[in-house]
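Observations on chain architecture
Residue-level listing of the chains:
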Amino acid sequence: MLQTFRNAWKIPELRRKILFTLFIVLLYRLGNAVPVPYVDTNILATYFAQLKNTVLGLYNTMSGGAFSMATIFALSIQPYINASIIIQLLCIAIPALERLSKEGGEEGKKKIAAITRYSTVGIGLLQGYGFYVLMSRNGIIVSDAPAVWAAIVIVMTFTAGSALVMWLGEQITEFGIGNGISIILFASIVSRFPQSLGSLVSKAINHDLSWVATVLMLIGALAMIVLIVIVNDAERRIPVQYAKRVVGRKMYGGQATYLPMKVNMSGVLPIIFAQSIASLPPTIILLCGGSQDSWFMRTFDSNTIPYAIVYFLLILFFAYFYATIQFNPVEVANNLKKNGGFIPGYRPGKPTSEFIQKVLNKVTLFGAIYLGIIACVPIVISACSEAAANTGISLGGTSIIIVVGVAIETVQALESQMLMRHYKGFLE
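All values reported here derive from a predicted model rather than from experimental measurement.

Attention shifts here to the overall build of the chain. Check the secondary structure of the chain and you find 19 helices and five strands. Here the chain holds 428 residues, and the buried ones make up 45% of them. Counted over contacts in the chain with a minimum sequence separation of 6, partners at least 24 positions apart contribute 74%. Total accessible area on the chain stands at roughly 21,800 Å², and carbon and sulfur atoms take up 66% of it.

Let us now look at empty space enclosed by the protein. Scanning the entire structure with this criterion turns up five cavities of 30 Å³ or more. The volume enclosed by the largest cavity comes to roughly 70 Å³. Put simply, the parts of the chain that give the lining of the largest cavity at least two residues each are α11 (211–233), α16 (350–384) and α18 (396–421). Broken down by class, the residue content of the lining of the largest cavity amounts to six nonpolar, four polar and one charged.

Another aspect to go through is the environment of Thr 71. Within the secondary structure, Thr 71 sits in the loop between α4 (55–62) and α5 (78–93). The class of Thr 71 is buried, set by a relative accessible area of 1%. In this structure the C-alpha to C-alpha distance between Thr 71 and Val 36, which are 35 residues apart in sequence, comes to 5.3 Å. Non-local contacts of Thr 71, meaning those with residues more than four positions away in its chain, are made with Gly 31, Asn 32, Ala 33, Val 34, Pro 35, Val 36, Ala 66 and Phe 158. From its side chain, Thr 71 meets the backbone oxygen of Asn 32 in a polar contact 3.5 Å long.

Okay, the sheet that holds strand β4 (residues 256–262) next. If you trace the three strands from one edge of the open sheet to the other, you get β4-β1-β5, paired in antiparallel fashion. Each edge of the open sheet is held by one strand with a lone partner, namely β4 and β5 (341–342). Pairing of strand β1 (residues 235–242) with β4 involves seven bridges; the strand directions are antiparallel. Bridged to Arg 236 within β4 is Met 261.

Quick look at unusual backbone geometry now. Despite not being glycine, Tyr 38 shows a phi value in the positive range, around 70°. In this fold, Tyr 38 is placed in the loop between α2 (12–31) and α3 (41–49). A positive phi angle is found at Ala 70, which is not glycine, with a value near 50°. Structurally, Ala 70 can be placed in the loop between α4 and α5.

Here we come to the environment of Pro 351. Note that Pro 351 resides in helix α16. The spacing of Pro 351 and Val 330 is 21 residues in sequence and 9.9 Å in space, taken between C-alpha atoms.

In this section: the nonpolar core. The nonpolar side chains of a soluble globular protein tend to be buried with one another. Grouped together as the largest cluster of nonpolar side chains are 63 residues, with contacts concentrated most on Ile 228, Ile 271, Tyr 311, Ile 401 and Ile 402. A per-element tally of this core places α16 first, with 11 residues. Each residue touching Ile 401, except ones within four places of it in the same chain, is listed here: Ile 228, Val 268, Ile 271, Tyr 370, Leu 371 and Ile 374.

Once that is clear, we can look at the pattern of salt bridges. Taken as a whole and assessed by the stated rule, the structure comprises three salt bridges. Here Arg 237 ties to Glu 235 by a salt bridge, and the two come within 2.8 Å at their closest N and O atoms. Residue Arg 237 is classed as partly exposed on the basis of its relative accessible area, which comes to 47%. Taking the relative accessible area as the measure of exposure, Glu 235 reaches 30% and is therefore partly exposed.

This next bit is on the packing of aromatic side chains. Using the criterion set out here, one finds 10 aromatic pairs in the structure. Ring centres of Tyr 307 and Tyr 311 lie 5.7 Å apart, and the angle between their planes is 40°; this geometry places the pair in the tilted category. In this pair, Tyr 307 and Tyr 311 are both assigned in helix α14 (residues 305–326), four residues apart and thus about one turn of the helix distant. Like Tyr 311, Tyr 307 is buried. Ring geometry for Tyr 346 versus Phe 355: centroids 4.2 Å apart, planes at 25°, classification stacked. Phe 355 sits in the buried class, given a relative accessible area of 14%. Taken together, the aromatic side chains of Phe 317, Phe 318, Phe 321 and Tyr 322 make up a single cluster linked through ring pairs.

Our focus in this paragraph is the environment of Ser 353. Within the secondary structure, Ser 353 is located in helix α16. Owing to a relative accessible area of 12%, Ser 353 belongs among the buried residues under this scheme. Sequence-distant contacts of Ser 353, that is, excluding residues within four places in its chain, are made with Pro 329, Val 330 and Ala 333.

Here we take up the side chain of Thr 159. Looking at where Thr 159 falls in the secondary structure, it is placed in helix α8 (residues 147–175). The class for Thr 159 is buried, based on a relative accessible area of 6%. With near-sequence residues (within four places) excluded, Thr 159 lies in contact with Val 121, Gly 124 and Leu 125.

Taken together, the side chains of Leu 125, Val 148, Trp 149, Ile 152 and Met 156 define a hydrophobic patch exposed on the protein surface, amounting to about 510 Å² of accessible area. No other element matches α8, which puts four residues into the nonpolar patch. As for its position among the elements, Met 156 is in helix α8.

Glancing now at helix α15 (residues 329–338). Buried within α15 are the following residues: Pro 329, Val 332, Ala 333 and Leu 336. All buried residues of α15 project into a common sector of 100° when viewed along the axis, lining one side. Capping of α15 at its N-terminal end is provided by Asn 328; its side-chain oxygen lies 3.2 Å from the backbone amide nitrogen of Val 330. The first or second residue beyond α15 is Gly 340, which carries a positive phi of 75°.

Reading the values: rules and limits
- Each chain carries its own residue numbering, running from 1 in the written order of its sequence.
- Per-residue local features of the predicted model are confined to residues with pLDDT of at least 70, and side-chain atom pairs are confined, for both listing and counting, to 80 or more; whole-chain, interface and lining totals are unaffected and use all residues.
- To obtain the side-chain values, all non-hydrogen atoms of the structure were included, while hydrogens and water were left out.
- Every helix listed is a DSSP run of H or I at least four residues long, and every strand listed is a run of E at least two residues long, numbered separately from the N terminus.
- Residue exposure (1.4 Å probe, protein chains only): buried if accessible area is under 20% of the type maximum, exposed if over 50%, otherwise partly exposed.
- We call two residues in contact when some of their heavy atoms are within 4.5 Å.
- Computed by Shrake-Rupley with a 1.4 Å probe, the accessible areas treat only the displayed protein chains as cover when residues are assessed.
- Here a cavity denotes a set of grid points, spaced 1 Å apart and computed over the protein atoms alone, in which a 1.4 Å probe fits but from which it cannot get out, and a pocket denotes an open set meeting protein on both sides within 12 Å along at least five of seven lines; residues with an atom within 4 Å of a point are reported as lining.
- Grid points are joined across faces, edges and corners, and a volume is the space filled by probe spheres set on the points.
- Classification convention: Asp, Glu, Lys, Arg as charged; Ala, Val, Leu, Ile, Met, Phe, Trp, Tyr, Cys, Pro as nonpolar; all other residues, Gly among them, as polar.
- Distance and chemistry together define a polar contact, namely a pair of N or O atoms within 3.5 Å, with one atom able to donate a hydrogen and the other to accept it when in protein, and with adjacent residues in sequence counting only for side-chain atoms on both sides.
- Whether two strands pair depends on DSSP finding at least two bridges between them.
- Put simply, buried Ala, Val, Leu, Ile, Met, Phe, Trp, Tyr and Cys residues joined by side-chain atoms within 4.5 Å make one nonpolar core.
- Here a salt bridge means any side-chain nitrogen of Lys or Arg lying within 4 Å of a carboxyl oxygen belonging to Asp or Glu.
- For this analysis, a ring pair means two rings from Phe, Tyr or Trp (six-membered ring only for Trp) whose centres lie within 6.5 Å, classed as stacked if their planes differ by under 30 degrees, edge-to-face if by over 60, and tilted for the remaining angles.
- Two distance rules govern patches: like charges are joined within 9 Å, and nonpolar side chains (Val, Leu, Ile, Met, Phe, Trp, Tyr) within 5 Å, applied only to residues with over 30% relative accessible area and no salt bridge.
- The reported arc concerns the directions from the helix axis to the C-beta atoms and nothing else.

The structure is reproduced here in structure tokens:
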């Protein structure tokens, strides 16, 4: 990874892209330090200290601590993620949107992106109002101005911040390196690692947590990183044979190759989307003034078994959902048939597409179970151990898989761009 960044730094164009990405991340982190007006951040910090293992604690982790400080970027990228989920599901349910996304070409993609942006603003407005209600009912709003004015300023600031974060992510995607939304999420989570590690060591020093448990947690985190890296590169290779054909005086085909199918085809997206949906109902209840001690909140807290089950099922759903969107077996089979290719033992056409679909289902199932285990095992451990729960371990599995996944995807994006610019390699 370090060698990749070193080689990319030597290329002027890539160096500019890396610096631009770092500049946008710096702006995002600065925005995370600017609180909105009329909020007592000390009372808010005390309130969130009691909620570190709840859905709001999870939300705070994903925002890089901005949520617990009520900064202008407190909502982070969650409104955009929720809007993306809703629009993509609607593209399947509504024929007009489906035609626009598949047959509209570049213009259709722009319209879908515009709809997603407007939806992001709407969701940001709702979440901003909910956060204001939560703070208002807990005595966190301190203002001499009329309550209506304070509400307007706070809600509009949160909404504008979520829209600005969305715009910053799009700028990284267009002018920087990698997927902008993933990079911002990566920066938010990584910014919390020093504090989490310091808290873990402090608990071990104060004997709130045994050194054996601390070492086992660190070893488990390292083993999880190794597993993520291994599975990320794993793929199922389907052999493909091309028949010989004569075009003019030249003969084409006759070679054997393979059709690669990645085990974890959709990357970290199922984790991100499942997390957003699983935490949405409890978050709405809390933001609308619901009690933290209610039966629903105690049952679906972020370190409980019911939450882990719902989370696991959502990961399975989104893994299959994205595999279906990204890989169309019928289209692949038709392309093979047009180019004279076939899978040994299967006739071109429908038998080939059915075989590819069967392999895709098996590979996706394995990848989805892998994602679910890594994301949910820490939650189960936290639910079964009070000491582990107090360390916030339930948030660790999700954070690690997102960070490692985004890091790998960014390195691969750098390598692909370097390959495009390495003309000497093409000439040789």
